[in-house]
Amino acid sequence: MTKMAVIGFGLIGGSMALSWKQARLVDEVIACGHREESLKLAKEMGAADSWTTSIPEAVKDADIVVVAVPVQAMEKVFSDLADYLKPDAVVTDVGSTRMTVIEAARKGLKEKFCQYAPGHPIAGGELPGVAYATKDLFNDKWVISTPTDEMDPEKVKFIEDAWTKAGAKIKVMSPELHDAIFASVSHLPHVLAYALVDMISKEKYAKEKLGMAGAGFRDFTRIAASSPAMWRDICLSNRTAISKELKRYRQGLEELQEAIENSDAQKLEACFENAMKNRRGLVFSASKQDLGKDDGRSKSH
Ligand SMILES: NC(=O)c1ccc[n+]([C@@H]2O[C@H](COP(=O)([O-])OP(=O)(O)OC[C@H]3O[C@@H](n4cnc5c(N)ncnc54)[C@H](O)[C@@H]3O)[C@@H](O)[C@H]2O)c1
Ligand SMILES: O=C(O)C(=O)C[C@]1(C(=O)O)C=C[C@@H](O)C=C1
């Protein structure tokens with residue numbers, strides 16, 4: 001009988017419970033959070049077998065503990081649960097950033113840090129909450145494992161193997177590389193989408209503009225509907241890497257603006273041509289091939 005406690009039972013925690021239950025990795029799930037309404041919904045949906053608002057209550061009999069709260073809230077959660085962990089339990093998380101989350105686990109769990117193994121699923125959605133959780137969310141999606149020297153390799157392997165059995169693919173890399181990559185292909189696009197919708201929504205003809213926008217605007221800004229608390233935390237947590245990406249993007253925008261103002265057709269077309277080729281080709285084949293250079297321990301199943 002394997003029991004999993006999920007602290008922060010929203011979109012990702014709920015989807016993980018459904019998916020790990022379906023893969024028979026766990027027999028029983030206890031949902032823990034501070035909003036009774038969503039915990040009750042988790043039970044109604046069958047994502048959780050029971051729920052509690054008490055971390056000690058959730059953790060005391062659990063074999064696997066998943067921390068699925070916004071990243072800046074993680075250190076307190078790790079610290080609140082450390083004293084109640086069973087000696088052989090494994091603690092993992094699903095946070096969108098790695099360096100500060102691993103530091104949070106180290107500080108919060110203290111001597112129990114040896115029971116921790118990290119994981120970041122590259123799947124989600126813009127609508128938060130357990131109501132949007134699905135059992136197939138992680139099928140054939142990457143989960144990034146970022147083990148460091150002080151972690152127990154057995155715990156790391158346990159979590160990697162579990163994600164694989166649940167239908168995901170594991171990619172191993174350093175926390176630093178993870179944060180640089182996802183600052184570029186996840187965090188930056190979210191900041192851009194939020195900035196664009198925020199800017200337009202404050203303009204004189206905002207209602208007309210937003211009311212008439214077509215599919216292009218919708219596609220570009222879908223992610224601006226995402227949870228503000230989650231993305232505030234990601235920006236604070238990975239601020240150096242995100243700031244670097246923003247600077248590079250601004251440079252690119254300035255060059256494009258100059259080309260537009262100077263009617264430099266060649267420069268515009270060269271940029272668009274390169275982007276088009278990459279968007280049509282590389283982006284979609286990347287999920288089937290490789291995410292990039294790492295330590296070569298890529299595992300696809
Ligand atoms: N949404 C995505 O696309 C996505 C993808 C991969 C990873 N993540 C990461 O997963 C984590 C959860 O994100 P989500 O999308 O499930 O968000 P969510 O808003 O759907 O769920 C978060 C849950 O945590 C609860 N919560 C917040 N603070 C808490 C605290 N201090 N103690 C207990 N419960 C608390 C909330 O009530 C909510 O139920 C975040 O760290 C996020 O960065 C999100
Ligand atoms: O599909 C979405 O809406 C997402 O934003 C998912 C997404 C991403 O950027 O791809 C968001 C944050 C994560 O940490 C992982 C996945």
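Residues numbered from 1 in each chain as written. Chains lettered and ligands numbered in written order. Predicted model: local features only at pLDDT ≥ 70, side-chain atom pairs only at ≥ 80, totals over all residues. Heavy atoms only, no water.

- Within an unreviewed UniProt entry, the label attached to the chain reads prephenate dehydrogenase, and the organism entered is Turicimonas muris.
- The UniProt entry for the chain carries this comment under Pathway (unreviewed entry): "Amino-acid biosynthesis; L-tyrosine biosynthesis; (4-hydroxyphenyl)pyruvate from prephenate (NAD(+) route): step 1/1."
- Under Sequence similarities (unreviewed entry), UniProt gives the following word-for-word description of the chain: "Belongs to the prephenate/arogenate dehydrogenase family." (UniProt positions renumbered as here; feature names shortened; annotations may be inferred.)

**Quick word on the confidence of the model for the chain**
Move 1: With 93% of its residues at a pLDDT of 70 or more, the chain shows a mean pLDDT of 94.
Move 2: Every residue in residues 289–301 scores below 50 in pLDDT, and together they form 28 contacts with partners more than four places removed in sequence or on other chains.
Move 3: Here the predicted complex scores 0.94 on pTM and 0.99 on ipTM. (pLDDT = per-residue confidence, 0-100. Contact = heavy atoms within 4.5 Å.)

**Re the sheet that holds strand β2 (residues 28–32)**
Move 1: With parallel pairing, the five strands of this open sheet are ordered in space as β3-β2-β1-β4-β5. Looking at strand neighbours, the two that pair on one side only are β3 (50–52) and β5 (90–93), the edges of this open sheet. Averaged over all neighbouring strand pairs, the angle between strand axes comes to 20°, with direction disregarded.
Move 2: Examined bridge by bridge, β2 and β3 share three bridges and lie parallel to one another. Pairing of Cys32 across the sheet is with Thr52, part of β3. (Pairing = 2+ DSSP bridges. Helix = DSSP H or I, 4+ residues; strand = E, 2+ residues; numbered from the N terminus. Axes fitted to C-alpha atoms, helices over the stretch in contact; angles between N-to-C directions.)

**With respect to the sheet that holds strand β6 (residues 120–121)**
Move 1: Pairing in this open sheet of three strands is mixed, and the strands run β6-β7-β8 from one edge to the other. Whereas interior strands pair on both sides, the edge strands pair on one side only; in this sheet they are β6 and β8 (169–172).
Move 2: Bridge count between strand β7 (residues 142–145) and β8: four bridges; the pairing is parallel. Across the sheet, residue Ser145 finds its bridge partner in β8, namely Val172.
Move 3: In the packing of helix α6 (residues 153–165) onto the sheet, contacts are made with β6, β7 and β8, and the angle to β8 comes to roughly 145°.

**Some words on the domain arrangement of the chain**
Move 1: Annotation of the chain at the domain level lists domain 1 (3–173) and domain 2 (178–286).
Move 2: Placing a centre on the C-alpha atoms of domain 1 and another on those of domain 2 gives a separation of 30 Å.
Move 3: Counting residues at the interface gives 17 residues for domain 1, matched by 16 residues for domain 2.
Move 4: For the domain 1 and domain 2 pair, buried surface summed over both sides reaches about 1,400 Å², with 64% attributable to carbon and sulfur atoms.
Move 5: When the area that domain 1 buries against domain 2 is broken down by residue, the three leading residues are Gln72, Ser96 and Glu126, summing to 37%.
Move 6: Where domain 1 packs against domain 2, one counts one salt bridge. (Domains from an automatic or database assignment. Buried area = accessible area lost by both parts, 1.4 Å probe. Salt bridge = Lys/Arg side-chain N within 4 Å of Asp/Glu carboxyl O.)

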